Amino acid sequence: MRLIDTHVHLNFDSFQPDLDEVAQNWREAGIVRLVHSCVEPAEFEAIQSIADRFPEVSFAVGLHPLDVEEKWQTDTAQVILALAQSDSRVVAIGETGLDFFKAKNQEQQQEAFWAQLEIAHQLNLPVIIHCRDAAAPMAGLVKRFWAEQGQVQGVMHCWSGTPEETQQFLDLGFYISFSGIVTFKNAVSVQESAKLVPSDRLLVETDCPFLAPVPKRGERRNQPAYVRFVAEQLAHLRGISPSDLAAQTTENACNLFGLSLPEADGSLPTESFYSG
């Protein structure tokens, strides 16, 4: 069973002591590709270094909405654009989006998100979207962007929205990615959302080191090998086999991010992974 973890943060400090062991774990668990998200452009060099060590890692560049207030500057969009163009292993812009939980800078967040949508549209790259307490304004902003600039593909990452909110973003053409949250006993609404996503729009992720899934929820650090527990729960909810769920989500990740799968000997193509 081959899987793709579509959202990781391996550059965080908790992985530094034993990243080689963590990589061995994900390889033994059948994780064949990973998409490393980016919280701020200053992380780019560290993420590149991880991809140098582990060729199955592709990555994104962007600014997280919770960092906008302190780190969005007049030149940030140009920095993100330049970095995205600097390395063929960049397969997305993000993570970006809106986080209105206790936020006082909603307008500034929307400005930064719009600018990153423009970069994604210019480069024909998908966006990795963080959305917390902002589903309605997010959907409205994306619709306005489509009308004024054109369509952009992307994924609603670590999705925890209601079925009604889920349908809004499915109608906009987005993929929906589920994390360990979908394994939590009290996540009934998320589990209902997971049942309605079309098979060709479904992705899996860990968002590690956060949100370890059941049965690893008690561990302080999540890791890519645990994405199989997310896949198994989704398969259970949808009434299909884990192997079929893995095959479909792997195909979906390849389609969205332009990823190539390993050859029989485990090697990856050396050309640009993004084919968009």
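By convention here, each chain's residues receive numbers from 1 onward along its written sequence. Owing to the predicted nature of the model, reporting of local features is limited to residues with pLDDT of at least 70; listing and counting of side-chain atom pairs is limited to 80 or more, with chain, interface and lining totals taken over all residues. As a rule here, side-chain values come from all non-hydrogen atoms in the structure, and water together with hydrogens is ignored.

Engineer: How should I be thinking about the overall build of the protein in this particular structure?
Structural biologist: Helix and strand content of the protein: 10 helices and 8 strands. What the globule rule says is 2.2 Å times the number of residues to the power 0.38, and the radius of gyration is computed from C-alpha atoms. The C-alpha atoms of the protein give a radius of gyration of 17 Å, which matches the 19 Å a tight globule of 276 residues would have. Seen through its principal axes, the protein has C-alpha atoms that stretch 45 × 40 × 35 Å. Using a 1.4 Å probe on the protein chains alone, a residue whose accessible area is under 20% of its type maximum counts as buried, one over 50% counts as exposed, and one in between counts as partly exposed. Taken across its 276 residues, the protein has 58% of its residues classed as buried. At a minimum sequence separation of 6, the contacts of the protein that also span at least 24 residues come to 73%. Strands are runs of DSSP state E lasting at least two residues, helices are runs of H or I lasting at least four, and both sets are numbered from the N terminus onward. The contact criterion used throughout is that any non-hydrogen atoms of two residues lie within 4.5 Å.

Engineer: It is not clear to me how the packing of aromatic side chains should be interpreted in this structure. Could you clarify?
Structural biologist: Given two aromatic rings, one states the distance between the centres and the angle between the planes to describe the pair. Aromatic pairs are defined between Phe, Tyr and Trp rings, using the six-membered ring for Trp, whenever the two ring centres lie within 6.5 Å; interplanar angles under 30 degrees are classed as stacked, those over 60 as edge-to-face, and all others as tilted. Going through the model one piece at a time under the given rule, you end up with 7 aromatic pairs. Ring centres of Phe 12 and Phe 210 lie 5.7 Å apart, and the angle between their planes is 75 degrees; this geometry places the pair in the edge-to-face category. Here Phe 12, found in the loop between strand E1 (3–8) and helix H1 (19–28), pairs with Phe 210, found in the loop between strand E8 (202–204) and helix H9 (227–238); they are 198 residues apart in sequence, far enough to count as distant. For Phe 12, a relative accessible area of 22% gives the class partly exposed.

Engineer: Could you clarify how one ought to interpret the sheet that holds strand E4 (residues 90–99) in this entry?
Structural biologist: Sheet strands pair by backbone hydrogen bonding; their relative direction is either parallel or antiparallel. In space, the 8 strands of this open sheet follow the order E1-E2-E3-E4-E5-E6-E7-E8, with parallel pairing throughout. Both outer strands of the open sheet, E1 and E8, are each paired with one neighbouring strand and no more. Here the strands of the sheet are splayed against their neighbours by 30 degrees on average, with no regard to which way each runs. To obtain an axis, a line is fitted to C-alpha atoms, over the contacting stretch when the element is a helix, and the angle between two such axes runs from 0 to 180 degrees between their N-to-C directions. This element, helix H5 (residues 106–123), spans E4 and strand E5 (127–132) of the sheet and lies at about 160 degrees to E4. Where helix H10 (residues 242–257) meets the sheet, its contacts fall on E1, strand E2 (31–36), E4, E5, strand E6 (154–156), strand E7 (175–178) and E8, and the angle it forms with E8 comes to roughly 100 degrees. In this analysis, strands are considered paired if DSSP registers two or more bridges between them.

Engineer: Would you mind going over unusual backbone geometry with me for this structure?
Structural biologist: Comment: phi is negative for the bulk of residues other than glycine, and the bulk of peptide bonds are trans. Residue Pro 209 is bonded to the preceding Cys 208 through a cis peptide linkage, with omega at 15 degrees. Topologically, Pro 209 is positioned in the loop between E8 and H9. The residue after Val 214, namely Pro 215, is reached through a cis peptide bond having omega 15 degrees. Note on placement: Pro 215 falls in the loop between E8 and H9. For Asn 124, which is not a glycine, the phi torsion comes out positive at approximately 55 degrees. With respect to the helices and strands, the residue Asn 124 is situated in the loop between H5 and E5. Residue classification places Asn 124 among the partly exposed positions, given a relative accessible area of 45%. The backbone phi angle of Asp 207 is positive, close to 55 degrees, even though this residue is not glycine. Structurally, Asp 207 can be placed in the loop between E8 and H9.

Engineer: Would you mind going over the environment of Arg 27 with me for this structure?
Structural biologist: In this structure, Arg 27 sits in helix H1. Each C-alpha atom of the pair Arg 27 and Glu 43 lies 24 Å from the other, and the pair is 16 residues apart in sequence. In this view, Arg 27 contacts Phe 54, Pro 55 and Glu 56; residues no more than four positions away in its chain are not counted.

Engineer: Which parts of the structure should I look at to understand the packing of helix H7 (residues 163–171) against helix H8 (residues 188–196)?
Structural biologist: Describing two packed helices takes the angle between their axes plus the distance from one axis to the other. As a packed pair, H7 and H8 sit with axes 8 Å apart at the nearest point and diverge in direction by 35 degrees. Here the hand of the crossing between H7 and H8 comes out right-handed. From H7, Pro 163, Thr 166, Gln 167 and Leu 170 reach across to H8, where they touch Ser 189, Glu 192, Ser 193 and Leu 196. Each residue gets one of three labels, nonpolar for Ala, Val, Leu, Ile, Met, Phe, Trp, Tyr, Cys and Pro, charged for Asp, Glu, Lys and Arg, and polar for the others, Gly among them. Of the residues assigned to the contact of H7 with H8, the class counts are 3 nonpolar, 4 polar and 1 charged. Left-handed describes a crossing whose near helix is turned anticlockwise from the far helix through less than a right angle; right-handed describes the clockwise counterpart.

Engineer: Looking at this structure, how should I read the pairing of E1?
Structural biologist: Where a strand is regular, its side chains alternate between the two sheet faces. Most of E1 is tucked away, with 6 of its 6 residues classed as buried. The sheet contact formed by E1 and E2 spans 4 bridges and is parallel. Pairing of Ile 4 across the sheet is with Arg 33, part of E2. Orienting the strands away from the viewer, one traces the path from the first strand over the helix to the second; a clockwise path indicates a right-handed crossover. For the crossover that starts at E1, traverses H1 and ends in the parallel E2, the hand is right-handed.

Engineer: How should I be thinking about the pattern of salt bridges in this particular structure?
Structural biologist: Side-chain pairs of opposite charge can arise whenever the charged atoms involved come near each other. By convention in these notes, a salt bridge is any Lys or Arg side-chain nitrogen within 4 Å of a carboxyl oxygen on Asp or Glu. All told, the structure shown has 10 salt bridges when counted by the stated rule. Between Glu 219 and Lys 216 there is a salt bridge, with its nearest N and O atoms 4.0 Å apart. Of the charged contacts, one joins Glu 232 and Arg 228 as a salt bridge, the two residues approaching to 3.2 Å between their closest N and O atoms. With Glu 232 and Arg 228 both in helix H9 and 4 residues apart, the pair spans about one turn of that helix. Exposure remark for Arg 228: the relative accessible area of 32% places this residue in the partly exposed category. Within this structure, Asp 52, Asp 87 and Arg 89 form a network of salt bridges that share partners.

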